[in-house]
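Structure assessment
As a plain string of letters, each chain reads:
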Amino acid sequence: MSVMRMLGRAPASSILQCRTQIFSSLNQRPYVLFPSHHSSQIPSPPAAKPAADPLQHDYPVDRRIGGFTVLRSQSIPELALTAVHLEHSATGAQHLHLARADRNNVFAVAFRTPPRDSTGVAHILEHTVLCGSRRFPVRDPFFNMLNRSLSTFMNALTSSDWTMYPFSTLNRKDFQNLLSVYMDAAFFPNLRNVDFRQEGIRLEPADLTDPASALAFKGVVFNEMKGVFSNAENVYARRIHNYLLPSGTYGVESGGDPLDIPSLTWEQLRSFHKAYYHPSNARFYSYGDMPLEGHLDFLETTVLKHFHKEPIDSQVKPEPRWTQPREFTIAGPVNPLAPADKQVTVSVSYLWPEVLNALDNFCMGVVAKLLVSGPKAPFYAALLQSGLGSDYSPGTGLDNSIREGVFSVGLKNVAEQDTQQIVSTIRATIDHVVKTGFDAERVEAIIHEVELYLRHQTTSFGLHTLFGLMSSWNHDADPIQHLQVNQIVDQFRQAMSNDPEFLQKKVKEYLLDNAHNVTLVMKPDTAYEEQLKEKESQLLAEKTAGIDAATRQRLLEEARELEEEQNKKPDVSVLPTLKISDIESSLPRVNIKEINYENTPIMCVSAPTNGVTYFRSLISTEALHEELRPYVPLFCQIATKMGAGEMDYRQLSQAIELKTGGLAVSEHASHLFSSTDKYEQGVLLGSFCLDRNIGAMFGLWKDIFNRIRLQDLQQFAVLLKQMSADMIASLADSGHSYAMSYSASQLRPAARLREEWSGLQQINFLRPLAEAGDLRPTLDKMRLIAKHLLTNGRMRCSLNTTPATMKGALDELGEFLSAVEDNYELQHVVSDPGFQKRSGQRTHLTFPFAVHYASRCFPVPAFVHADYAALRVLGRLLSAKFLHKEIREKGGAYGGGARLAQDGLFNFYSYRDPKSLETFEAFERSVEWAMNGSFGTQDVDEAKLSVFQEVDKPVSPGDEGRRQFIYAVDDDLYQRHREQLLAVTKEQLVEVTGKYLADGEKAVSTLLGAADAEAAGRGWTVVAGGEEGAEKM
């Protein structure tokens, strides 16, 4: 649980931005209630079954439906939906409904919640709201509902100026259950002081038996934000907003600064809810094939009838514009994995226009993409190829997640003496663009992305449409305007036609003539973490100075009260729930036909792909020389970015954008579901395109296979440094993944290869390569890999397209296969007879983080084993019924739990954890708890429901058959697994716990994070994370 503001692409402010990412920002995403711990893309429209006539529901303007009045309705044929915007007459609440033939129905309520300080009040309130309400007085209804639902999404999010409570589900009964809990929580929460202390901040004695023991700050949000601020990239991205928009809400930290959070009081939290969580400040959203009338009736009868219209002072005012640029220098944490003399980050950030107008928003996105995205972008050549830094600075691109757009560009990992040169280069590049403009073909590539977006289908369109609309709708823009994709593109084309210098003038307006900009330099400070600790100690001393015995006794009693609450078994009978009988007995079968083209296996998947064709291929790396194996991820990174055929890397990039949705190459290592010893290793290719471009797509692949260009050292250096820098930057926010990978690598051969390719071992492998002065030897390795894989590899392929397109797509694929060499003797499935498990190993990998990431990994059977299903249910049971309470509620970690990996590994983990070795004791206690059968049949059923959220999650047409292609699990085998899951009993869970998890010496444990002085004395091997020893397997 807890919350995390993730560095990445900010939520887009129009539906266009959701798929095309032409408005890409590396800035802030909202804090979320609990982490999902997997990477994701913002998807686009879902499965292509023909939508119902969007005009079948007649919603004329001024029609009254219940207590609502229609403000506007609009058919949007390019998205196959009807949009209806309404207002509640008595309260002023807004409601946007998108009627679409999609079973994955979505609902959300959002409030405009601009914080006035950095105490994290909006963030902590988002947590506390979900800790019990009037109708559902359960201490933790949200997390209990996670196990009583088949939701496809449940969370809560706090952004810079809004808070949202969204969910989605395929099950209509489930929809009503979640709607009841979410609306009662948002509008009628209990907001108990004890929950505020757990979720937000408290002073607590270290020893609950001694009121005189040392006091300390504790709280889930407090601890989580300490982890956020120990990441240099997080610090930097946040400061861009703070310094560029200092006068209002964006000048403070909405998630909470750890040095300000202790100032927040329970009374202030309650006042914030009263001020902003009101229908007059609310925006309701519904999407899917459920009728609007039912949603409105529910809202009227359960929520809105209890309120009247109130004046809510929540408006965020535009930032007063400056007449002169500003400069700031800040300190940040040292990165132990980056070169010591190149740890400075520098950028120039500009305040752009408001995001309220859809065409303005689109224009800003186009300009931002043209400036920074891809090798033909002016800043790519001017900055990335200068050799002065490793990658763009955090925040580069357009962030339109707030009222006014923010565009940033700069470099990270630069030498201090080069900062002024970088700033001068940024200014000069802007001046050059204003004079010369952009290549017309690049603009067409962006329009192609939009067209492809309209056809490319994913399963979460409704949810991510909401995320895309929120930043503009939150500031009273017309949400329907931002959905009218074709109209926006037509207006843009007309503007370009009317004025050939339209985009150059926009660059002049946004950048050259814009005095409202900040140059921000962040320098590493070796004392950064110590200074934060000292400031926290000083704050603690101030807060505790003069505390008398009576106050200490009260704090002790409050701590005991919280502990008692945490230890109570909640009465969840008041919460609605699905039953096991609500799970579908079977899933629709995928239409698969397997054929061979000469000796190449091809899986043909006929699906309603809506005019888009999807291609995958896996090339075996079995015969690749051992010396070259660590270089495979780097080869994947550069394979489609160096040029091919007659095209240099710039021309190839543009051709890819004009004809496809991208050509992806990634490393692949996975055990077969039938074995924990045999596995498949290779390189996975993937691409998709409009049906009219199938030939062009395979033509691009053919050029890459037959005539890849691996000569340009400058471009190679850019790609290598980017890859190394990105992996290093990911460590602080994904430490749990790296810890689990390190543990798993000691137990399974495929996991060892994954660690070599994507774990800490790969980070340490890339660092010296990226810092080397002469890259020619490394580029030679790329040529050798290309020779082995592209002209001597064993391939197997898959195609997803419509039945009408399949023959033509197969013809184009066959032409491609005829033009490339294929070694039919190689095997996809391999084994490693020399692999030896290292059970019992305990390693503490130290990094200068304020929190820890823990992992304990046990070897268990493969997917086809009779015990696999029980172990999968056990993971959810342990997470929900034991580890959530022990690791998150009591321990204060961001998250933690247990889960079964696909390759026969059972993982315990914690995320952003203030505890260290104590967490492993919690893992051990959870095993004892399960072995003792300290749970009931209802707990087992809830664990099954939670498992089936993943098992039965919707699959887009482009991904149908992927499970069989990647993991060799066909529909029959998967259905057998579903039936085994449904049949799991309490007795089986007790049995498999004792059978596989009772012996701790079979496990491998990894602790990643701040050094724990006791670890070495307790039998742990302590290794500095960036040292050579960390990569030795």
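Residues numbered from 1 in each chain as written. Predicted model: local features only at pLDDT ≥ 70, side-chain atom pairs only at ≥ 80, totals over all residues. Heavy atoms only, no water.

1. What about the overall build of the protein chain?
Each helix and strand counted, the protein chain has 33 helices and 34 strands in total. Its C-alpha atoms give the protein chain a radius of gyration of 28 Å, near enough to 31 Å, the size a compact globule of 1033 residues would have. Sequence-distant contacts in the protein chain: of pairs separated by 6 or more residues, those separated by 24 or more amount to 83%. When the accessible surface of the protein chain is split by element, carbon and sulfur atoms take 48% of a total near 36,400 Å². (Helix = DSSP H or I, 4+ residues; strand = E, 2+ residues; numbered from the N terminus. Rg over C-alpha atoms; globule rule 2.2 N^0.38 Å. Contact = heavy atoms within 4.5 Å. Areas by Shrake-Rupley, 256 points an atom, 1.4 Å probe, with all protein chains shown as cover.)

2. Quick word on the pairing of strand β33 (residues 1004-1009)
When you tally the buried positions in β33, you get six out of six residues, the bulk of the element. Burial along β33 is two-sided: the face carrying V1004, T1006 and L1008 and the face carrying S1005, L1007 and G1009 are both buried. Looking at chain direction, strand β29 (residues 842-846) and β33 are connected through five bridges and run parallel. Considered in β33, the bridge of L845 is made with L1008. Taken together, the six bridges between strand β30 (residues 852-859) and β33 define a ladder with antiparallel strand orientation. Bridging across to β33, R856 finds its partner in S1005. (Buried < 20%, exposed > 50% of the residue type's maximum accessible area, 1.4 Å probe, protein only. Pairing = 2+ DSSP bridges.)

3. Here we look at the environment of Q949
As for its placement among the helices and strands, Q949 is situated in helix α30 (residues 937-951). With 335 residues separating them along the chain, Q949 and Y614 place their C-alpha atoms 26 Å apart. Setting aside residues up to four positions removed in sequence, Q949 forms contacts with L146, S149, L150 and S151.

4. Thoughts on the packing of helix α13 (residues 440-455) against helix α20 (residues 649-659)
One way to put it is that α13 packs onto α20 with a least axis distance of 7 Å and a crossing angle of 35°. When the axes of α13 and α20 are compared, the crossing they make is left-handed. Across the interface between the two elements, E441, R442, E444, A445, H448 and E449 from α13 touch Q654, E657, L658 and K659 from α20. (Axes fitted to C-alpha atoms, helices over the stretch in contact; angles between N-to-C directions. Left-handed = near helix turned anticlockwise from the far one by under 90°.)

5. Examining the confidence of the model for the protein chain
Taken as a whole, the protein chain shows an average pLDDT of 91; of its residues, 93% reach a score of 70 or greater. pLDDT under 50 marks residues 1-28. Its contacts with residues more than four places away, or in other chains, come to 154 contacts. (pLDDT = per-residue confidence, 0-100.)

6. Digging into the packing of aromatic side chains
Scanning the entire structure with this criterion turns up 41 aromatic pairs. Relative to F908, the ring of F858 has its centre 6.1 Å away and its plane inclined at 70°; by these criteria the two rings are edge-to-face. Within this pair, whereas F858 is found in strand β30, its partner F908 is found in strand β32 (residues 905-913), the two being separated by 50 residues in sequence. This pair shows no difference in class: F858 is buried, exactly as F908 is. (Phe/Tyr/Trp six-rings, centres within 6.5 Å; stacked < 30°, edge-to-face > 60°.)

7. Digging into the environment of L618
Relative to the helices and strands, L618 is located in strand β22 (residues 612-620). The class for L618 is buried, based on a relative accessible area of 0%. The sequence separation of L618 and I595 amounts to 23 residues, and the corresponding C-alpha distance is 16 Å.

8. Quick word on the pattern of salt bridges
Applying the stated criterion to the full structure yields 58 salt bridges. For D971, the salt bridge goes to R963, with nearest N and O atoms at 3.4 Å. Owing to a relative accessible area of 14%, D971 belongs among the buried residues under this scheme. The closest approach of N and O atoms between R1018 and E1014, which form a salt bridge, is 3.4 Å. The exposure class of R1018 is partly exposed, given its relative accessible area of 40%. Taken together, the shared-partner salt bridges connect R148, K569, K881, D939 and E942 into one network. (Salt bridge = Lys/Arg side-chain N within 4 Å of Asp/Glu carboxyl O.)

9. Things to note about the sheet that holds β30
Pairing is mixed in the open sheet, where six strands are placed in the order β31-β32-β30-β33-β29-β34. Two strands bound the open sheet, and with one partner strand each, they are β31 (895-901) and β34 (1021-1024). The sheet shows a mean angle of 15° between the axes of neighbouring strands, direction not considered.

10. Points about the pairing of strand β13 (residues 282-288)
Across the seven residues that make up β13, a large majority, seven, are buried. Neither face of β13 is exposed, since A282, F284, S286 and G288 on one face and R283, Y285 and Y287 on the opposite face are all buried. Across six bridges, strand β6 (residues 94-99) lies against β13 in parallel orientation. Paired with Q94 across the bridge in β13 is R283. Here six bridges tie strand β7 (residues 105-112) to β13, and the two strands are oriented antiparallel to one another. Bridging from a neighbouring strand, V109 pairs with F284 of β13.

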